[in-house]
Amino acid sequence: NTLGQKVYFAGEESGCCERNCCGPLRPFDMKIVDNFGQQVINLNRPLKCQGCCFPCCLQTMEISAPPGTVIGVVEQEWSILYPKFVVKNASDEVILRIEGPCFTCRCCADVKFNVFSASGTKIGRISKQWTGIVKESLTDADNFGISFPMDLDVKMKASLLGALFLIDMMYF
């Protein structure tokens, strides 16, 4: 949270072969648990090809909370220049849109993905934060920030968290 306190812990469940052979395209289940070890959110990403030339193989992430009850889906939209995603609720209605920059690799600056309401109003941001040349060049660790309105539906907040993990796997 904003005070630096641990709120959740996320752990990926995937096979060794998937991680080594498929890399960032790998399918996985990610379990998000609270400070008491209780699972509160489950993220599921199926195996799909990736690339702007393949509009038939767009990335998705299914968000369940509690596990087993789908509350949202993040879907990549086809775009050649800018990363675009929609966040849908359990009724398959578009609630949020996410748009990223043309170039997702930047030196000495944050990479910002803006979050918009379905009507087009900017309401938040997912950002990969620049952590310095040493950490960026010598490790795979990344820091992300996410901001959204306090009154946003809790299911959409969880879905934005799922979008953050999908964006991380696809671009960083």
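Residues numbered from 1 in each chain as written. Predicted model: local features only at pLDDT ≥ 70, side-chain atom pairs only at ≥ 80, totals over all residues. Heavy atoms only, no water.

**Brief notes about the overall build of the protein**
Convention followed: What counts as a helix is a DSSP run of H or I of at least four residues, what counts as a strand is a run of E of at least two, and both are numbered from the N terminus. For the radius of gyration, the atom set is restricted to C-alpha positions; the globular benchmark scales as 2.2 Å times the number of residues to the power 0.38. Under the scheme applied here, a residue whose accessible area is under 20% of the maximum for its type counts as buried, over 50% as exposed, and between as partly exposed, the area being computed with a 1.4 Å probe on protein chains only. By definition in these notes, contact holds between two residues if any of their heavy atoms fall within 4.5 Å. Here the Shrake-Rupley method, with its probe set to 1.4 Å, supplies the accessible areas, and only the displayed protein chains count as covering residues.
Each helix and strand counted, the protein has three helices and ten strands in total. Ordered by position from N to C terminus, the α and β elements of the protein give β-α-β-β-β-β-β-β-β-β-α-β-α. For the protein, the C-alpha radius of gyration of 16 Å lies close to 16 Å, the compact-globule estimate for 172 residues. Each of the three principal axes of the protein carries a C-alpha extent, and together these read 35 × 35 × 35 Å. Counting only residues that meet the buried cut, the protein has 35% of its 172 residues in that class. Taking the contacts inside the protein whose residues are at least 6 apart along the sequence as the reference set, 30% of them involve residues at least 24 apart. In the form shown here, the protein has an accessible surface area of approximately 9,700 Å², with 57% of it arising from carbon and sulfur atoms.

**Structural notes on the packing of aromatic side chains**
Heads up, the rule is: Pairing of aromatic side chains requires ring centres within 6.5 Å, counting the rings of Phe and Tyr and the six-membered ring of Trp. Pairs whose planes differ by under 30 degrees are stacked, by over 60 edge-to-face, and all others tilted.
Taken as a whole and judged by the stated rule, the model has three aromatic pairs. Centroid distance F144 to F172: 5.7 Å. Interplanar angle 65°. Geometry classified as edge-to-face. Highlighted residues: F144 in strand β10 (residues 143-147) and F172 in the segment after α3 (154-171), separated in sequence by 28 residues. In this structure an aromatic cluster arises from ring pairing among F113, F144, Y171 and F172.

**Observations regarding the pairing of strand β5 (residues 70-77)**
Counted only if it meets this: If DSSP finds at least two bridges between two strands, the strands pair.
Of the strand pairs in this sheet, strand β4 (residues 60-64) and β5 are connected by five bridges, and their pairing is antiparallel. Following the sheet pairing, I63 is matched in β5 by G72. Once β4 ends, the chain turns through five residues before running back antiparallel as β5, passing G68 with a positive phi of about 105°. In this antiparallel pair of consecutive strands, β5 and strand β6 (residues 84-89), the connection spans six residues.

**What to know about the nonpolar core**
Soluble globular proteins tend to pack their nonpolar side chains together in the buried interior. Defined as follows: In these notes, a set of buried Ala, Val, Leu, Ile, Met, Phe, Trp, Tyr and Cys residues joined through side-chain atoms within 4.5 Å is what counts as a nonpolar core.
Counting 28 residues, the largest nonpolar core has L43, M61, I63, V74, I98 and I126 as its most contacted members. Of all the secondary structure elements, the ones that give two or more residues to this core are β2 (28-34), β3 (39-45), β4, β5, β6, β7 (94-99), β8 (111-117) and α3. Ranked by residue count, the leading element in this core is α3, at ten residues. Setting aside residues no more than four positions away along its own chain, I98 makes contact with P83, K84, F85, V87, F113, N114, V115, I126, L160, A163 and I167.

**A look at the environment of D29**
Convention followed: What qualifies as a polar contact is a pair of N or O atoms within 3.5 Å, subject to a donor-acceptor requirement within protein and to the restriction that residues adjacent in sequence count only when both atoms come from side chains.
Mapped onto the elements of the fold, D29 is located in strand β2. Taking the C-alpha atoms as reference points, D29 and M156, 127 residues apart in sequence, are found 19 Å from one another. Within polar-contact distance, the side chain of D29 engages the side chain of N44 at 2.6 Å.

**A closer look at the pattern of salt bridges**
Rules: For this analysis, a salt bridge means a side-chain nitrogen from Lys or Arg found within 4 Å of a carboxyl oxygen belonging to Asp or Glu.
Evaluation of the coordinates by the stated rule reveals six salt bridges. In this structure, E77 engages R97 in a salt bridge whose closest nitrogen and oxygen atoms are separated by 3.1 Å. Placement of E77 in strand β5 and of R97 in strand β7 is noted, with a sequence separation of 20 residues between them. Residue classification places E77 among the partly exposed positions, given a relative accessible area of 29%. Between D92 and K88 there is a salt bridge, with the nearest N and O atoms lying 3.6 Å from each other. A relative accessible area of 14% means that K88 is categorised as buried.

Interpretation in functional terms is not warranted from these geometric data alone.
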